[in-house]
Amino acid sequence: MMAVNKSKLFDSSQKRPAQLMKALAHPARIAILELLAERQSCICGAITDELPLAQSTVSQHLKALKKAGLIKGEIDGVRTCYCLEEEGIKELRDHLLPLIQKLKPETEENCC
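Residues numbered from 1 in each chain as written. Predicted model: local features only at pLDDT ≥ 70, side-chain atom pairs only at ≥ 80, totals over all residues. Heavy atoms only, no water.

(A) Spatial organisation of the pattern of salt bridges. The full count for this structure, using the stated rule, is three salt bridges. R16 is the salt-bridge partner of E91, the closest N and O atoms lying 2.9 Å from each other. Here the residue E91 occupies a position in helix α5 (residues 86-103), and R16 occupies one in helix α1 (residues 12-24), the gap between them amounting to 75 residues. Ionic pairing is found between D94 and K90, a salt bridge with its closest N-O pair at 2.7 Å. Within this pair, D94 and its partner K90 are both found in helix α5, separated by four residues, close to a single helical turn. On the basis of relative accessibility, which here comes to 38%, the residue K90 falls in the partly exposed class. (Salt bridge = Lys/Arg side-chain N within 4 Å of Asp/Glu carboxyl O. Helix = DSSP H or I, 4+ residues; strand = E, 2+ residues; numbered from the N terminus. Buried < 20%, exposed > 50% of the residue type's maximum accessible area, 1.4 Å probe, protein only.)

Have a look at this one:
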């Protein structure tokens, strides 16, 4: 029996929010986004100084956030300066806020 690619069963309105939430699914990544939002931009070494993680681990988290389109990085000599990717953050809000509204119970009564 051949394996079925189950991702084809879902459309982009479900896949993209899942991809964004997967990128957020680690406390270090949330901390990085908070740091970048607070400072407007940050050098990788400064991010490492703020987190209780090794530089290589921070780099892996930055890579995941960048791949998801939530941050961008510009190389400045031997350093990389990171900042929030405005379009990615807007997309995150555009996907998550409607989902949160859908999950809001209409009434206090619940079937469970």
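Having seen the structure, we can now continue with the description.
(B) Examining the pairing of strand β3 (residues 79-84) more closely. Note that strand β1 (residues 42-43) and β3 share two bridges and pair antiparallel. Bridge pairing in β3 links I43 to C81. Here strand β2 (residues 71-76) runs beside β3; their pairing, made up of six bridges, is antiparallel. When the sheet's bridge partners are listed, D76 is paired in β3 with R79. The antiparallel hairpin formed by β2 and β3 contains two residues in its connecting segment, where G77 sits at a positive phi of about 70 degrees. (Pairing = 2+ DSSP bridges.)

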